Amino acid sequence: MAGIGKTTLAKAAFNKFSHRFEGTSFLENFRDYFKKPEGKFHLQKKLLSDILRRRDDAVFNNMDHAVKQRFRNKRVLVVIDDVEDVVQLHSVAIHLSCFGPGSRIIITTRNKHLLEQLGVVNIYSPKELNADESLDLVSWHAFKESEPPEEFLQLSKNLVEYCGGLPLAMEVLGAFLYKRSVPEWKSTLESLKRIPDDNIQAKLQISFDGLNALQKDIFLDISCFFIGMDKDYVGCILHGCKLDPGIGLSVLKERCLITVHDNRLMMHDLLRDMGRYIVQGTSRSNCETWSRLWDRDHVIDVLANYSGTDATEGLSLKAEVTAVENFEAKAFSNLRKLRLLQLSHVALNGSYENFPKGLQWLCWLGFPEESFPINLHLRSLVVMDMQKSNLKRLWNDQKPHVPLKELKYLDLSHSIHLIETPDFSYLPNLEKLLLINCQSLVKVHKSIQVLQGSLILLNLSGCIKLGELPLELYTLKSLETLILSGCSHIERLDDALGELESLTTLKADHTAITQIPSSSYKLKKLKELSLHGCKELWKDRHYTNSDESSQVALLRPLSLAGLNSLKTLRLGCCNLTDELVPENLGSLSSLEELDLQGNSFRNLQTDFAGLLSLQILKLDNCSELRSMFSLPKKVRSLYARNCTVLERTPELKECSVLQSLHLTNCYNLVETPGLEELKMVRVIHMEMCNSIPYTDRERIMQGGAVGSSGGIFVPGSSLPDWVNFKNGTRSISFTVPDPTLNFDLIGFTVWTTYVSQQDDVMSACTPNITLKNQTKGDIWSRNPATEHIRMYLEKHIWQGHFSNEDFLLETGDQVEVSVDFGDEVTILETGLTLAYREVTEVPNEQLTEIDDEVPNEQPAETDDEVDYEVLIDESQRRPPRKVGMGLKTVLGAFGLLAFIVVLGKHGSPLRRHNHLRRNKIEKDKEKDATVHIFSFLDY
């Protein structure tokens, strides 16, 4: 996104380190200059004159040749700001081979694909400002001071919320509101809800203007209808609209116009507003001419007045859940080009004869009828989303006039009156069928076999009255995901299960299934098997005891033979005893996650050491577990909470990549051998493990890795003696001391003792650590690496590690650190220790001996201060801590900004003037120059 701070960070780095190079050049607004008639000549001339220090008007006979040849023996620093694509670089004759060993090129761009074309490995993406930083920035621009006046505080917070952490928006709007009154602030904020600021809009629209027509349509569809929706779901709709979402969504992501979180499409609020503003065009008051309608008032106006036009392609109307909106179906008759329709709790009366026939997406939540109107023609429909409907059947006795051949996705979830699935012969190309929580469903239509070449997902979870699956279901050769969880009346899967040759996911949690069919060994592609809560899983109901007249059940363990692709296995709460643990569990070489929680085994004899792929092992609530044979060597997370009789864990020393250990309420636990030697653990929960000797707890706390930013929770009433700074409140103040020679401050550890009036209850409050640097005026807020605090009547100690890369503490800084665990937790004492790392000073004459093969070495900081006046004047400045944090992040990793690093036998990374701090000196040399590419992307 434009305005995130790319150029500011690039300028800061340029000013801080330019004196270390033989030549420097800052090519600002590269994209704009390149598009001008003489742009190429201007850029080449500036690059040559800057680096060669020629200020005359001399022009080289061959500018391309000069750019390619004149810098080959120079160690230069070049910033190329705002590059659009790789063609622009090559057209100006800028190539990696142009620059001498030790050179660095910083590129800022909105286009991630450009970085990939250049071979970039590490991408630095500036993040939005947080609430405190945003308020600071707004204050400097609107009031020329660090905090808003009291009467403007809430208005400033409202402005911060509108800007969404985007520095550009806060600078523009803050400057606009400088010296304006409270009524003017209120008026401006109200206006921004309707009309975006022109200056911000113009900057943001640059990325949009660079899209092709299909990509622009995708962006506008998302901004109006699809924000927060599943990426695959939206992709199916866009594919049906012939918008090529495969490449289109990738381009939008590369241009930072969308992001994807948990597979959901997200968009910054200002980009959303920009998209909707573009849709409105020059007809702000004539919504009938807009291509998309999303505002409730506008939609109601169009439908109530029958004023729709062919211009409208998409419409969304979401009524209040408690008040259904009623309209005539003929109100849609003029919307002949409508392809996207989203209705929620809306009732339409009358005939659908003239309803738009080109719909590709119909999302009608809370559809009020018991069956679908037969005269509603949906021959173009790709996605039908009818969740929470009143449907009993999709169609009654009358069937649609023509099959819905284009339909790929059908969702009837939470339609609690639905009795049976539709006749699938009218949906011959269906790929995904969701019937979640259809509590009255008793029948899956046998015509499902017509989908054997198309259906890839079938979700029947929560269909509590469904007792069996039709045999025709097992003919679905293309089926990849089958979900039956919560179908409590399903007792068996047919032995034909093995014929589902494409199946990768089978979830049957909390069903009455007694055995997995013997044919399951044929499921060579199965990656996830979940049978959590299947308490009858081990009973063979076909076994008859000859000595008894009645039939009894024979218990036998589950066979996992042949499931060599299995990555996730969930067998929690399945009444597993020692005898019923699957014998071949230890042979699942691909297994990454194993859930055995809530079972009844006492001695877990499975040899997990051979499961080299296993990363997550869950044994919570195994209340009878006394011993384990071994642990997976590559395990990252081990959960064994509430294992109340467990006395000793297996050797932990071999679990070298363990990151989180959860042993809460293991009351009888005495030993955790090897735990103190692990350095990568981020979180250790040992609340109420009172049987572990206190000396062992201290060793565990001493062994914590400072760089891990984690937390350790152990029983205890007082802080260890070695804690330097202590205070009997929730906060502590100290002055950063002058370290011993050749030691760097790399972080600090916060300690606190706490207690609560609640016992064994999770707090509702997320823990928070606040650091105030009184010397620099910085305020930082951080959450420890744990979601919530488990509260106890007994006293406990929490220890958390924090890296100085976030806080930039220096000798002499006066600092206050406070801990907040919420109102239900009382902080009794707070302590703090500083962590230092010894470094080796390398004399300047040895710098040329540094091996070229250490591009990932962390560059040392310099003592030079950034001249912020060179970057931005005081009226436009950004919070120093934000720029400093950005520089620290950028310089802390070798991939600072968009660095294209050329290292040769005479080159070296950015270093101090007189010495280089390193932990180890590499002695080997290489004769040829080595090129390394890193990146800085606003993404």
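Residues numbered from 1 in each chain as written. Predicted model: local features only at pLDDT ≥ 70, side-chain atom pairs only at ≥ 80, totals over all residues. Heavy atoms only, no water.

**Q** Before we go on, may I ask you to explain the overall build of the protein in this structure?
**A** Check the secondary structure of the protein and you find 19 helices and 44 strands. Across the 939 residues in the protein, those meeting the buried criterion constitute 54%. Long-range contacts, defined here as pairs at least 24 residues apart, represent 62% of the contacts in the protein between residues at least 6 apart. Looking at the protein as shown, the accessible area adds up to about 40,500 Å², and 46% of this sits on carbon and sulfur atoms. (Helix = DSSP H or I, 4+ residues; strand = E, 2+ residues; numbered from the N terminus. Buried < 20%, exposed > 50% of the residue type's maximum accessible area, 1.4 Å probe, protein only. Contact = heavy atoms within 4.5 Å. Areas by Shrake-Rupley, 256 points an atom, 1.4 Å probe, with all protein chains shown as cover.)

**Q** Looking at this structure, how should I read the side chain of D273?
**A** In this fold, D273 is placed in helix α15 (residues 269-280). With near-sequence residues (within four places) excluded, D273 lies in contact with Y162 and P196.

**Q** I tried to follow the nonpolar core on my own but got confused; where do I start?
**A** Nonpolar side chains in soluble globular proteins tend to be buried together. Core analysis: the biggest nonpolar cluster contains 194 residues, and L315 and L460 have the highest contact counts within it. When residues of this core are assigned to their parent elements, the largest contribution, seven residues, is made by helix α12 (residues 213-226). Beyond its immediate sequence surroundings of up to four residues, L315 is in contact with F225, L293, V299, L303, F332, L335, L338, L340, L341, Q342 and L343. (Core = buried A, V, L, I, M, F, W, Y, C linked by side-chain atoms within 4.5 Å.)

**Q** Sorry if this is basic, but what is going on with the sheet that holds strand β35 (residues 768-773) here?
**A** As a general point, the strands of a sheet are linked pairwise by backbone hydrogen bonds and lie either parallel or antiparallel. If you trace the four strands from one edge of the open sheet to the other, you get β32-β39-β35-β36, paired in antiparallel fashion. The sheet is open, and its two borders are formed by β32 (731-735) and β36 (778-782), each paired with just one other strand. Ignoring which end each strand starts from, the neighbouring axes of this sheet average 15° apart. Pairing analysis gives five bridges linking β35 to β36, with the strands arranged antiparallel. Directly across from I769, in β36, lies its bridge partner R782. (Pairing = 2+ DSSP bridges. Axes fitted to C-alpha atoms, helices over the stretch in contact; angles between N-to-C directions.)

**Q** Mind showing me how you'd approach the packing of helix α9 (residues 167-176) against helix α11 (residues 198-209) here?
**A** Each pair of packed helices gets described by two things: the angle between the helix axes and the distance between those axes. Direction vectors running N to C along α9 and α11 enclose 155°, while the axes themselves pass 9 Å from each other. By the criterion of interaxial angle, the relationship of α9 to α11 is roughly antiparallel. In this structure, the crossing between α9 and α11 has a hand that is right-handed. For the pair α9 and α11, the contacting residues are L168, A169, V172 and L173 in the first and N199, I200 and K203 in the second. Residue composition of the contact of α9 with α11, grouped by class: five nonpolar, one polar and one charged. (Parallel < 35°, antiparallel > 145°, perpendicular 65-115°, else oblique. Left-handed = near helix turned anticlockwise from the far one by under 90°. Nonpolar A, V, L, I, M, F, W, Y, C, P; charged D, E, K, R; others polar.)

**Q** Just checking my understanding: could you explain helix α1 (residues 6-17) for this structure?
**A** Side chains that are three or four residues apart share a direction in an α-helix, a result of its 3.6 residues per turn. End to end, α1 covers 17 Å across twelve residues, agreeing with the expected 16 Å (1.5 Å per residue, within 8%). Restricting attention to buried positions, one finds in α1 the residues K6, T8, L9, A10, K11, A12, A13, F14, K16 and F17. (Expected span 1.5 Å × (residues − 1).)

**Q** How should I be thinking about the packing of aromatic side chains in this particular structure?
**A** Aromatic ring pairs are described here by two measures, namely the spacing of the ring centres and the angle between the planes. Per the stated rule, a full pass over the model turns up 23 aromatic pairs. With a centroid separation of 5.4 Å and an interplanar angle of 85°, the aromatic rings of F14 and F26 are classed as edge-to-face. Separated by twelve residues along the polypeptide, F14 in helix α1 and F26 in strand β1 (residues 23-27) bring together distant segments of the chain. Aromatic side chains F208 and F219 sit 5.5 Å apart centroid to centroid with 55° between the ring planes, which places their arrangement in the tilted category. Pair noted here: F208 is in helix α11 and F219 is in helix α12, with a separation of eleven residues, a long-range link. With respect to burial, F208 and F219 carry one shared label: buried. By way of ring pairs, the aromatic residues F748, W780, F802 and F807 are connected into one cluster. The residue whose ring lies beneath K144 is Y178, and the NZ or CZ to ring-centre distance is 4.7 Å. Sitting above the plane of the Y639 ring, K618 keeps its charged end 5.9 Å from the centroid. (Phe/Tyr/Trp six-rings, centres within 6.5 Å; stacked < 30°, edge-to-face > 60°. Lys NZ or Arg CZ within 6 Å of the ring centre and 35° of its normal.)

**Q** Just checking my understanding: could you explain the pattern of salt bridges for this structure?
**A** Oppositely charged side chains may form a pair once their charged atoms are brought near each other. What the rule picks out here adds up to 32 salt bridges. Close ionic contact of E528 with R570 constitutes a salt bridge, the shortest N to O distance being 2.5 Å. On the criterion of sequence distance, the pair formed by E528 in strand β19 (residues 528-530) and R570 in strand β22 (residues 568-570) is long-range, its members being 42 residues apart. For R570, a relative accessible area of 21% puts it in the partly exposed group. Look at the salt bridges and you will find they share partners, linking D217, D221, R292, E313 and R339 into a network. (Salt bridge = Lys/Arg side-chain N within 4 Å of Asp/Glu carboxyl O.)

**Q** Got a minute to help me understand the state of the cysteines in this structure?
**A** Disulfides are covalent bonds that link the sulfur atoms of two cysteine residues. For the coordinates displayed, the defined rule picks out zero disulfides. Just so you know, C487 is unpaired, no disulfide at all, and the nearest cysteine sulfur is the one on C463, 5.1 Å from it. (Disulfide = S-S within 2.5 Å.)

**Q** Even after reading the chapter, I still don't get the side chain of N768, so can you show me in this structure?
**A** Looking at the secondary structure, you find N768 in strand β35. The exposure class of N768 is buried, given its relative accessible area of 18%. A polar contact of 3.1 Å, which involves the side chain of N768, links it to the side chain of T770. A distance of 2.7 Å separates polar atoms of two side chains, one belonging to N768 and the other to S781. Leave out the neighbours within four places in its chain, and N768 touches S781, R782, N783, P784, S818, V819 and D820. (Polar contact = N/O pair within 3.5 Å; in protein donor to acceptor, adjacent residues only side chain to side chain.)

**Q** Could you clarify how one ought to interpret empty space enclosed by the protein in this entry?
**A** If a probe as big as a water molecule is rolled over the atoms, it shows which places are left empty. Scanning the model with the defined rule gives eight cavities of 30 Å³ or more in all. In this structure, the largest cavity spans a volume of roughly 110 Å³. In terms of lining, the largest cavity is formed by F372, P373, I374, L376, H377, L378, R379, W395, P400, H401, V402 and L404. Looking at the lining of the largest cavity, its residues break down into nine nonpolar, two polar and one charged. (1 Å grid on protein atoms, 1.4 Å probe; cavity = no way out; pocket = protein on both sides within 12 Å on 5 of 7 lines; lining within 4 Å. Points joined across faces, edges and corners; volume = space filled by probe spheres on them.)

**Q** I would appreciate a short explanation of the pairing of strand β8 (residues 314-318) in the present structure.
**A** Every regular strand shows the same layout, with side chains that alternate between the two sheet faces. Summarising burial for β8: four of the five residues are buried, a large majority. As defined by bridge partners, strand β7 (residues 292-293) adjoins β8 across two bridges and the pair is classed as parallel. The residue of β8 that forms the bridge with L293 is L315. This β-α-β element, β7 to helix α16 (residues 296-304) to β8, shows right-handed connectivity. (Right-handed = clockwise from strand over helix to strand, strands pointing away.)

**Q** I keep staring at the environment of N804 and nothing clicks. Help me out?
**A** Position of N804 among the secondary structure elements: in the loop between β38 (796-803) and β39 (814-820). The residues contacting N804, other than those within four sequence positions of it, are L745, I746, G747 and L809.

**Q** I keep staring at the pairing of β38 and nothing clicks. Help me out?
**A** Burial runs high along β38: seven of the eight residues are buried. Across five bridges, strand β30 (residues 711-715) lies against β38 in antiparallel orientation. Directly across from I712, in β38, lies its bridge partner Q799. Across eight bridges, strand β33 (residues 743-756) lies against β38 in antiparallel orientation. Bridged to F748 within β38 is F802.

**Q** Help me understand the environment of A311 in this model?
**A** Counting through the fold element by element, A311 comes out in the loop between α16 and β8. Given a relative accessible area of 32%, A311 falls into the partly exposed group. Sequence-wise, A311 and S291 are 20 residues apart; in three dimensions their C-alpha atoms are separated by 5.3 Å. Other than its neighbours up to four places away in sequence, A311 contacts E288, T289, W290 and S291.

**Q** Would you explain unusual backbone geometry in this entry?
**A** In terms of backbone geometry, most residues other than glycine have negative phi values and most peptide bonds are trans. The backbone phi angle of D82 is positive, close to 65°, even though this residue is not glycine. In this fold, D82 is placed in strand β2 (residues 76-83). You will see that K179, though not glycine, has its phi angle at about 65°, which is positive. Tracing the backbone through its elements, the reader meets K179 in the loop between α9 and α10 (182-192). By relative accessible area, which is 70% here, K179 ends up exposed.

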